[in-house]
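Overview (structure and organization)
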Amino acid sequence: MASSLKRRRLASRQCSFLGNNLGNSWKELARDGFDFSQADVDQIVGKHPGDIKQQAKEALDMWCHRRGREATVGNIETPLVRIGRRDIFEGLIQSVVRPNGIHFTLQFHHRKCIFVP
C-alpha cells in the first residue's frame, strides 16, 4: 500500500463503508482488534439495540476518537486482518482509490468480498 494512502485519515465515507460491511464482525473487531472492553461493547449495543450497522459505526467512531490522528486507513488494516477480515480492508482500499463517480457493489460469499462494477 502506498505510504500516502496509509497515512490518509479515515473519512466518514470510509467509516460508513466499514460499518455497512462488518456485520456481526464489529464485536470481534472491537474486542480483539481495537482492544475494547466488554463493557465498551455492551455500551454500544445498549445505545443502538438491534441496529448492527449503527453499532459498528459507533465502534469505529470510538476507535477514531481514541486514536485521533492515528485513525488512518493504514492503521485499520492490522485490526481487520487480526480478526480475519482482510476482505473488508481490501474493499476499503478500493473505495479510497476508485475515482469519484465510479460505483461498485460488494457481494460477500463465504467471507470473501467480490467487487462488482
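Section: the overall build of the protein chain
When helices and strands are counted, the protein chain shows 7 helices and 2 strands. When the 117 residues of the protein chain are sorted by exposure, 40% land in the buried category. For the protein chain, long-range pairs separated by at least 24 residues make up 60% of all intrachain contacts whose partners lie at least 6 apart in sequence.

A closer look at the packing of helix H2 (residues 12–22) against helix H5 (residues 52–67)
Between H2 and H5, whose axes approach to 8 Å, the crossing angle comes to 135°. The orientation of H2 with respect to H5, classified from their angle, is oblique. Every pair of crossing elements has a handedness; the one defined by H2 and H5 is right-handed. Residue-level contacts link Cys15, Ser16, Leu18, Gly19, Asn20 and Leu22 of H2 to Lys53, Ala56, Lys57, Leu60 and Cys64 of H5.

Observations concerning the packing of helix H4 (residues 38–47) against H5
H5 packs onto H4 with a crossing angle of 130° between their chain directions and a minimal axis gap of 9 Å. With respect to H5, the axis of H4 lies oblique. In this structure, H4 crosses over H5, and the sense of that crossing is right-handed. Each of Asp40, Ile44, Val45 and Lys47 in H4 lies in contact with H5, whose residues at this interface are Gln55, Glu58, Ala59, Met62 and Arg66. Residue composition of the contact of H4 with H5, grouped by class: 4 nonpolar, 1 polar and 4 charged.

Observations concerning H5
At 3.6 residues per turn, the α-helix brings residues three or four places apart onto the same side. For H5, with 16 residues, the first-to-last C-alpha span of 22 Å sits near the 22 Å given by 1.5 Å per residue. Structurally, H5 contributes buried residues whose contacts are with H2, helix H3 (25–33), H4 and helix H6 (73–82).

Focus: the packing of aromatic side chains
Under the criterion given, the structure shown has 2 aromatic pairs. Ring centres of Phe34 and Trp63 lie 5.0 Å apart, and the angle between their planes is 15°; on these two criteria the pair is classed as stacked. Remark: Trp63 occurs in helix H5 and Phe34 occurs in the loop between H3 and H4; sequence separation between them is 29 residues. An identical accessibility class is assigned to Phe34 and Trp63; each is buried. Grouping aromatic residues by their ring pairs yields a cluster made of Phe34, Phe36 and Trp63. The ring of Phe36 carries Arg66 above its face, with NZ or CZ at 4.4 Å from the centroid.

Points about unusual backbone geometry
One non-glycine residue, Asp35, lies in positive phi territory at about 60°. Structurally, Asp35 can be placed in the loop between H3 and H4. Residue class for Asp35 comes out exposed when judged on its relative accessible area of 62%.

Here's the deal with the environment of Gln38
Along the chain, Gln38 falls in helix H4. Taking the relative accessible area as the measure of exposure, Gln38 reaches 40% and is therefore partly exposed. For Gln38 and Lys27, which are 11 residues apart along the polypeptide, the C-alpha to C-alpha distance reads 9.2 Å. Among the polar contacts made by the side chain of Gln38, one reaches the side chain of Arg31 at a distance of 3.5 Å.

About the cut-offs
Residues numbered from 1 in each chain as written. Predicted model: local features only at pLDDT ≥ 70, side-chain atom pairs only at ≥ 80, totals over all residues. Heavy atoms only, no water. Helix = DSSP H or I, 4+ residues; strand = E, 2+ residues; numbered from the N terminus. Buried < 20%, exposed > 50% of the residue type's maximum accessible area, 1.4 Å probe, protein only. Contact = heavy atoms within 4.5 Å. Axes fitted to C-alpha atoms, helices over the stretch in contact; angles between N-to-C directions. Parallel < 35°, antiparallel > 145°, perpendicular 65-115°, else oblique. Left-handed = near helix turned anticlockwise from the far one by under 90°. Nonpolar A, V, L, I, M, F, W, Y, C, P; charged D, E, K, R; others polar. Expected span 1.5 Å × (residues − 1). Phe/Tyr/Trp six-rings, centres within 6.5 Å; stacked < 30°, edge-to-face > 60°. Lys NZ or Arg CZ within 6 Å of the ring centre and 35° of its normal. Polar contact = N/O pair within 3.5 Å; in protein donor to acceptor, adjacent residues only side chain to side chain.

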